[in-house]
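Given next are the chains, with one letter for each unit.
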Amino acid sequence: MTTTDSTPPAPGVLPPARPVPPPPRWAVRAAHVAAWSTVPSGVWRVALVLGVPVGVMEREEFLAAFPDHSPLIALAYVLLIGAVAEFASYLTLGLVRPWGEVVPRGIPFLGGRPVDHGLAVLAASLGALAVTALWWVFFFGGLLTGPGPDPGISAGEAFFIASYAPLLLWGPLLAAVTWSYHRRHRARAGA
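Residues numbered from 1 in each chain as written. Predicted model: local features only at pLDDT ≥ 70, side-chain atom pairs only at ≥ 80, totals over all residues. Heavy atoms only, no water.

### Examining the nonpolar core
Phase 1: Core analysis: the biggest nonpolar cluster contains 34 residues, and F62, W135 and W170 have the highest contact counts within it.
Phase 2: Going through the elements one at a time, α1 (25-36), α2 (39-50), α3 (59-63), α4 (71-90), α5 (117-145) and α7 (167-190) are the ones with two or more residues in this core.
Phase 3: When residues no more than four places from it in sequence are discounted, the contact partners of W135 are Y164, L167, L168 and W170. (Core = buried A, V, L, I, M, F, W, Y, C linked by side-chain atoms within 4.5 Å. Buried < 20%, exposed > 50% of the residue type's maximum accessible area, 1.4 Å probe, protein only. Helix = DSSP H or I, 4+ residues; strand = E, 2+ residues; numbered from the N terminus. Contact = heavy atoms within 4.5 Å.)

So this is what it looks like as structure tokens:
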């Protein structure tokens, strides 16, 4: 025997929203690649500050840019840059995870509230545009304005390129995952 409750919801209580369709597998994979794309360059920068030979730049040359050539200030700078990049790239996962639909309860003042998907799409779109422009201009601009063609590439230069090349994926993958997130929310609204 089935029963249906036809009583209207109490005043001020919204009916439950339709669930958002799950993200496609490609979007989940793309979000993970985007989240991990910042790790190699962060490791390269930490290695540089710690004095590990990275081939492109010496530790002392890098430290010269900081007051008193301080390795502590340089390390703090590198760790801060890395933390900001990691945190920003990690947010891509929110577009394919439940915490991208409802703010986790542990977040003060916002926990348990639904995420404004329009604001999330706007922020992620602007982020995708910014990191794409930044890394593509930095990477290819550096190649185009660098010294003339060199017949060979050193191991240090190859290590540097391998460490920073994954950043070229971050923006386009974030844009693709954002598009998927937007489509899933639009499908829910249209259902």
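### With respect to the confidence of the model for the protein chain
Phase 1: Across the protein chain, pLDDT averages 83, with 83% of residues at or above 70.
Phase 2: When pLDDT is averaged over each helix and strand of the protein chain, the minimum, 76, is found for α3 and the maximum, 97, for α1.
Phase 3: The low-confidence segment residues 12-16 (pLDDT under 50) makes 0 contacts with residues lying over four places distant or belonging to another chain. (pLDDT = per-residue confidence, 0-100.)

### So, the pattern of salt bridges
Side chains carrying opposite charge are able to pair once their charged atoms draw close together.
Phase 1: For the coordinates displayed, the defined rule picks out 1 salt bridge.
Phase 2: E101 is paired through a salt bridge with R184; the nearest N and O atoms lie 3.8 Å apart. Of this pair, E101 sits in the loop between α4 and α5 while R184 sits in helix α7, and the two are 83 residues apart along the sequence. Each member of the pair, E101 together with R184, is buried. (Salt bridge = Lys/Arg side-chain N within 4 Å of Asp/Glu carboxyl O.)

### Focus: the packing of aromatic side chains
Phase 1: As enumerated under the stated definition, the model contains 6 aromatic pairs in all.
Phase 2: Ring geometry for Y90 against W99: centres 5.6 Å apart, planes inclined by 20 degrees, an arrangement best described as stacked.
Phase 3: By relative accessible area, W99 is classed as partly exposed at 28%.
Phase 4: Plain terms: the ring middles of F160 and Y164 are 4.8 Å apart, the flat faces sit at 35 degrees to each other, and that makes the pair tilted. Of this pair, F160 and Y164 both sit in helix α6 (residues 155-164), 4 residues apart, roughly one helical turn.
Phase 5: Ring pairing ties together the aromatic residues W44, W135, F160 and Y164, which thus form one cluster. (Phe/Tyr/Trp six-rings, centres within 6.5 Å; stacked < 30°, edge-to-face > 60°.)

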